[in-house]
Amino acid sequence: MRLGVSGKILIAYAALAVVFVGSSALTFRYTHRTRARVVASQALFDVQLELDAAWRKLNQFPRQSTRRPDPTRPLLFSQADEGLKTAMAAIATYQQDAPTLPRAPDFDHFTAQLRGLRVELGQALTKLGAYEASDKEIERRTFETDLANLTVKLDGLKKTMGRERRRIANELRVDEEAARNMAMLLVLGGVVVAVGVAVSMVRTLRPLRVLRQQAREVAGGRYDRRLGVASRDEIGELSREFDAMASALQEREHRLIQSERLATIGRMASQIAHEIRNPLASIGLNAELLGDEFPDGEARRLVASIAAEVDRLSEITESYLRFVRLPQSKRESEDLGALLASVTAFTRAELERAGVRVTLDVAPNLPDVWGGESQLRQALLNLVRNAMEAMPEGGALRLRLSQTHQGDLELRVSDTGPGIPEAVMTKIFDPFFTTKEKGTGLGLALVQQIVVEHGGRVQVHSNNTGTTFVVTLPAHTRP
């Protein structure tokens, strides 16, 4: 799945958000549980204080053998009962707004125990008068036993609450260790995620720095530098577009240099051609007149040879002038398939004499091109003759005209010759470069000049089984 820069940034922020939300949720959870346990422990502590006060009051009960009424004894019972009542009120206050807590103390059970203790305490207070008025030892001992049992129950309940407080304190320590460990894991995870995000962003954005440097070098004229970024995100596409732009600029500069060189050579060739054309014509005419003066023999053959060479030089001069001053024909919508068929028919006899079998393949319903009929015909003719000359022993020539996915027209001229050596592949479109004994080196240069002026391009593919010239021209839609 293709993931762009925005997607990577979104994933990075999502990962950091997950860590942050997880940390916040963990903090909230442990804070809530800690608060709940602290509140429960505080409630237990308050109840335990009241129980301890009530227990101390009951332990202050005088146990002298005298049976005279003592006004402090009912007060101790009343104070102890008030303490139990306050403890129950503390539990009720806690239960009213107590936060949720797993394994919370059983305050309902504690309340029931406190209520029972208050009942026993009230019963003991009722028996206090009989205790003081009775002269029976057994009744006195029974009262003291009940009072002792009551204090033991108070002490037991107080110790139970103490154990609950210790249990809650132990759970607080466990939660604290768990929270610390989880926090460390989250911090470590956050650091790992942050480092991963940073590394990912550095790797993702690193080509931008290279792209900026390459842009400076391209601006300085170094068009051969390429980024070579393999990523499939927006930066990778930008880098590939930049490489394509650099290639286009390099090709355009090459064409510009070639055009300037052609212009310079053209001016020189034009001047030279003008300087030698008239003398050559004069020499050729005089050679013909001189040949008429000689009878058949060696002298006449020599003069005929001179005239033939003069004609060849004149033809080369005319070719140079034709290349330099390419006529600007009228541009209009042209059927390239019809032009190709016309050129093929025109050269068919010449191709048959050279032993070349020609195959024409034109796709149906092709759009026209916008150009000059004479120039396009000249370019097609040069391509056909160049392919014929590449097969001196005969062969097969295939002309295939079709439309590309981009809508351009594509002409493929393929021969079965020996191919073009790699050493000269880059020079075949240079003016005056030729590997033929009697070639002028202007045929392919003229083809490229015409095609470029029509907004197209020429490419060549060659191996030891043949050569294919690919001409691409923009389509022109008829109104």
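Check the entry above for the structure.
What you see is a predicted model; the values in this text were computed from it and never measured.

1. Some words on the environment of L114
Mapped onto the secondary structure, L114 falls in helix α3 (residues 107–133). C-alpha of L114 to C-alpha of D81: the two residues are 33 residues apart in sequence and 9.7 Å apart in space. Not counting residues within four places of it along the chain, the set of residues in contact with L114 comprises V47, L51, L84, A87, M88, I91 and L157.

2. Topic: the pattern of salt bridges
Note that side chains of opposite charge can pair when their charged atoms are close. Evaluation of the coordinates by the stated rule reveals 14 salt bridges. Residues K159 and D155 are paired through a salt bridge, measuring 3.2 Å at the closest nitrogen-oxygen approach. With K159 and D155 both in helix α4 (residues 137–219), this residue pair falls 4 residues apart, about one helical turn. Look at K159 and you get partly exposed, because its relative accessible area is 48%. Several salt bridges converge on common partners, so that one network encompasses D52, R56, D155, K158 and K159.

3. Quick word on the sheet that holds strand β7 (residues 466–473)
An order of β2-β4-β5-β7-β6 is seen for the 5 strands of this open sheet, with the pairing classed as mixed. One side of each edge strand has no neighbouring strand; the edge strands of this open sheet are β2 (356–362) and β6 (457–463). Taking the axes of each pair of neighbouring strands and ignoring which way they run, one obtains an average angle of 10° across the sheet. The pairing of strand β4 (residues 395–403) with strand β5 (residues 409–415) spans 7 bridges and is antiparallel. Each bridged residue has a counterpart across the sheet, and for L399 the counterpart in β5 is V413. Strands in contact with helix α7 (residues 336–353) are β2, β4, β5 and β7; relative to β2, the strand with the most contacts, it is inclined by about 170°.

Criteria and thresholds
Residue numbering note: each chain is counted from 1, following its sequence as written. Local features in a predicted model are, by the rule used here, given only for residues with pLDDT of at least 70; side-chain atom pairs are given and counted only at 80 or more, and totals for whole chains, interfaces and linings are based on all residues. Water and hydrogen atoms were dropped before computing side-chain values, which therefore reflect all heavy atoms in the structure. Secondary structure follows DSSP: runs of H or I at least 4 residues long count as helices, runs of E at least 2 residues long count as strands, and numbering of each begins at the N terminus. Contact between two residues is taken to exist if any of their heavy atoms lie within 4.5 Å; hydrogens are not considered. What makes a salt bridge here is a side-chain nitrogen of Lys or Arg within 4 Å of a carboxyl oxygen of Asp or Glu, nothing more. Each residue gets one of three labels from its accessible area relative to the maximum for its type: buried under 20%, exposed over 50%, partly exposed in between, using a 1.4 Å probe on protein chains only. Here a strand pair is declared whenever DSSP counts at least two bridges between the two strands. To obtain each axis, a line is fitted to C-alpha atoms, and for helices this fit is confined to the stretch in contact; angles are then taken between N-to-C directions over 0 to 180 degrees.

So yeah, pure geometry; function would need other evidence.
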